[in-house]
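Reading the structure
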Amino acid sequence: MRIGVLGSGLMGSKLGTLCARAGHDVVFSYSHSLEKLQKLAKKAGKSARAGTPAEAVSNADAILAAKIPEAHVVCAFSTAPSEVLLPVFERRKRRTVPDLVYCGDNKAAKKKLPR
C-alpha cells in the first residue's frame with residue numbers, strides 16, 4: 001500500500017514509521033525542513049522517502065492528514081500517545097498482541113484494517 005503522510009509531527013512521524021516498517025511505501029511531507037523529512041524517512045526504513053505534499057498524495061492508497069473534506073474516518077489515535085506506538089509495534093509478533101481501539105463510519109474500509 002502507498003501511504004502519504006501530511007505532517008511530520010509526533011503522530012505523523014510515528015504512524016508513518018510504523019507503516020514503513022510494516023512494508024508499506026511511505027512518503028513523508030509537510031515540514032519546515034526538508035532535512036528533517038529526509039532524516040525521518042531514513043530512520044523509518046527503506047520503503048520510506050521524503051517528498052512534497054503533492055508527491056505524498058499522488059497515487060496514495062491512504063493519506064494521514066488532519067482534515068480532508070468528505071473523507072471517511074477509519075481509525076482514530078487521539079487516545080494513544082505517540083510515544084507508545086513504536087513499542088507496541090515491536091511487540092506485535094508476541095503471543096499476546098496489544099490492542100488499539102479504532103472507530104469509523106465506513107464498514108468496507110474497516111474490514112481492511114489489520115487484526
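Residues numbered from 1 in each chain as written. Predicted model: local features only at pLDDT ≥ 70, side-chain atom pairs only at ≥ 80, totals over all residues. Heavy atoms only, no water.

**A short note on helix α1 (residues 10–21)**
- With 12 residues, α1 should cover 16 Å at 1.5 Å per step; its first-to-last C-alpha distance of 17 Å lies within 8% of that length.
- In terms of burial, α1 is a largely internal element, nine of the 12 residues being buried.
- The complete set of buried residues in α1 reads G12, S13, K14, L15, G16, T17, L18, C19 and A20.
- Buried residues in α1 make contact with β1 (2–6), β2 (25–29), α2 (34–44), β3 (48–50), β4 (62–64) and α4 (85–90).
- Looking one or two residues past α1, G23 carries a phi angle of roughly 100°, positive in sign. (Helix = DSSP H or I, 4+ residues; strand = E, 2+ residues; numbered from the N terminus. Expected span 1.5 Å × (residues − 1). Buried < 20%, exposed > 50% of the residue type's maximum accessible area, 1.4 Å probe, protein only. Contact = heavy atoms within 4.5 Å.)

**Considerations on α2**
- Those residues of α2 not exposed but buried are L37, L40, A41 and A44. With its buried residues spanning 100° around the axis, α2 presents them on a single face. α2 presents K39, K42 and K43 as exposed residues on the side facing more than 90 degrees away from its buried surface.
- Considering only its buried residues, α2 is in contact with α1, β2 and β3.
- The backbone nitrogen of E35 has a side-chain oxygen 3.3 Å away, supplied by the residue at the start of α2, namely S33.
- Among the residues trailing α2, G45 stands out with phi positive, at a value near 130°. (Arc of directions from axis to C-beta. Polar contact = N/O pair within 3.5 Å; in protein donor to acceptor, adjacent residues only side chain to side chain.)

**Things to note about the side chain of R2**
- Note on placement: R2 falls in strand β1.
- Salt bridges are absent for the buried R2, whose nearest opposite-charge side chain, D25, sits at 6.1 Å.
- If near-sequence neighbours (up to four positions away) are discounted, R2 is found in contact with D25, V27, R49, E55, A56, S58, N59, A60, D61 and A62. (Lys, Arg positive; Asp, Glu negative; His and termini not counted. Salt bridge = Lys/Arg side-chain N within 4 Å of Asp/Glu carboxyl O.)

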